[in-house]
Amino acid sequence: HVTTSQTWATDMTIDQHVIIDPGVVLTIGNATIKFKSDCKVLVNRNARLNISGVSSKLTGSIACVAADIPLPWGGIQVWGTQDQPHPTYSQVISNSGYLNANHGIVYLSSGTIEYVKDFMAGAGAIAAGPSWPFDQFLPSGGSATWINHFGGIAITTGGEITQCRKGVELQAYPATGQTNESICR
């Protein structure tokens, strides 16, 4: 668990899930973060992941040194609250420490996310809500709990998502007065 706000600016390999706790901002700044296969990042409600360095890279660990091809990893899942409205676009991008009690935030302003695996046409590199098979962190309570976590915020104003079947996966978001079309940027 990431329990305090921090910046990762040193290259590293991650061999477990990275869970960003509520109230915490994790910034990836000009570092290459390699994830072992099946490892993923979970951005809880009221948490934030900023990917902001031009040389920042979230990728898989190297499978074959000779070919330099990374193994795929599990991607990023960002949780929200399906019946609560999103903050404005300017609120999210104008302050890198902005948090929202109802929604997790992933903000890709520069850098690269690559080599996220595809499970049966599964989640994108960034999934705005729980996606099978990445939903094991949900509190018990069945599908109603699963659906209640839709609405996470994913914003890109730069950077690149590459070598993934899907870039961003959006789930149904029925908050009053908002549609997927009104929040996609």
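How each quantity is defined
- Residues numbered from 1 in each chain as written.
- Predicted model: local features only at pLDDT ≥ 70, side-chain atom pairs only at ≥ 80, totals over all residues.
- Heavy atoms only, no water.
- Core = buried A, V, L, I, M, F, W, Y, C linked by side-chain atoms within 4.5 Å.
- Buried < 20%, exposed > 50% of the residue type's maximum accessible area, 1.4 Å probe, protein only.
- Helix = DSSP H or I, 4+ residues; strand = E, 2+ residues; numbered from the N terminus.
- Contact = heavy atoms within 4.5 Å.
- 1 Å grid on protein atoms, 1.4 Å probe; cavity = no way out; pocket = protein on both sides within 12 Å on 5 of 7 lines; lining within 4 Å.
- Points joined across faces, edges and corners; volume = space filled by probe spheres on them.
- Pairing = 2+ DSSP bridges.
- Axes fitted to C-alpha atoms, helices over the stretch in contact; angles between N-to-C directions.
- Salt bridge = Lys/Arg side-chain N within 4 Å of Asp/Glu carboxyl O.
- pLDDT = per-residue confidence, 0-100.

**Student:** Sorry, what's going on with the nonpolar core here?
**Tutor:** Generally speaking, soluble globular proteins have nonpolar side chains that are buried together. Ranked by size, the top nonpolar core spans 29 residues in total, and within it L49 and I76 carry the most contacts. Within the residue set of this core, elements represented by two or more residues are β3 (18–20), β4 (25–28), β5 (32–35), β6 (41–43), β7 (48–51), β11 (76–78), β12 (105–108) and β14 (126–128). For I76, the contacting residues outside a window of four places in its chain are V41, V43, L49, I51, L58, V106, I113, A125, I126 and A127. By size, the runner-up hydrophobic cluster in this structure holds six residues, among which are Y98, I105, Y107 and I155.

**Student:** Where do I start with empty space enclosed by the protein in this structure?
**Tutor:** Gaps left between atoms show up when a probe the size of a water molecule is rolled over them. Throughout the structure, instances matching the rule amount to two cavities of 30 Å³ or more. By volume, the largest cavity is sized at about 40 Å³. Lining the largest cavity, in full, are W8, V18, L26, I28, I33, F35, V41, L49 and L58. Taken together, the elements giving at least two residues each to the lining of the largest cavity come down to β4 and β5.

**Student:** Before we go on, may I ask you to explain the sheet that holds strand β16 (residues 160–162) in this structure?
**Tutor:** The pairing of strands in a sheet happens through backbone hydrogen bonds and is either parallel or antiparallel. Strand order in the open sheet formed by five strands is β2-β5-β8-β13-β16, with parallel pairing between adjacent strands. This sheet does not close on itself; its edge strands, each paired only once, are β2 (12–14) and β16. Mean inter-strand twist for the sheet, computed between neighbouring axes without regard to direction, equals 20°. Where strand β8 (residues 57–60) and strand β13 (residues 112–114) come together, two bridges link them in parallel fashion. Along β13, the bridge assignment pairs K57 with T112.

**Student:** I'm lost on the environment of I161 in this one. Help?
**Tutor:** Topologically, I161 is positioned in strand β16. Judged by its relative accessible area of 28%, I161 is partly exposed. Note: C-alpha distance between I161 and E114 (47 residues apart in sequence) is 5.8 Å. Discounting residues that sit within four places of it in the chain, I161 has contacts with L108, I113, A125, I126, G167 and V168.

**Student:** How do you make sense of the pattern of salt bridges when you look at a structure like this?
**Tutor:** Close approach of charged atoms lets side chains of opposite charge pair. Summed over all chains, the structure comprises one salt bridge. One salt bridge in this structure joins E114 and K57, with 3.9 Å as the shortest N-O distance. Of this pair, E114 sits in strand β13 while K57 sits in strand β8, and the two are 57 residues apart along the sequence. For E114, a relative accessible area of 11% corresponds to the buried category.

**Student:** Can you walk me through the confidence of the model for the protein in this structure?
**Tutor:** Predicted coordinates in areas of low pLDDT are best not read in detail. Looking at the protein, the pLDDT average stands at 82 and 76% of residues meet or exceed 70. Note on residues 179–185: pLDDT is under 50 here. Beyond four places in sequence and across chains, it has eight contacts.

**Student:** What should I look at first to understand the sheet that holds β6 in this one?
**Tutor:** Judged by pairing direction, the sheet is parallel, and its five strands sit side by side in the order β3-β6-β11-β14-β17 without closing on themselves. For this open sheet the edge positions go to β3 and β17 (168–170), each flanked by a neighbour on one side alone. When the angles between neighbouring strand axes are averaged without regard to direction, this sheet yields 15°. As paired elements, β11 and β14 share three bridges and run parallel to each other. Bridged to I76 within β14 is I126.

**Student:** Is there a simple way to think about the side chain of T81 in this case?
**Tutor:** Along the chain, the position of T81 falls in the loop between β11 and α1 (89–94). Overall, the relative accessible area of 13% leaves T81 in the buried class.

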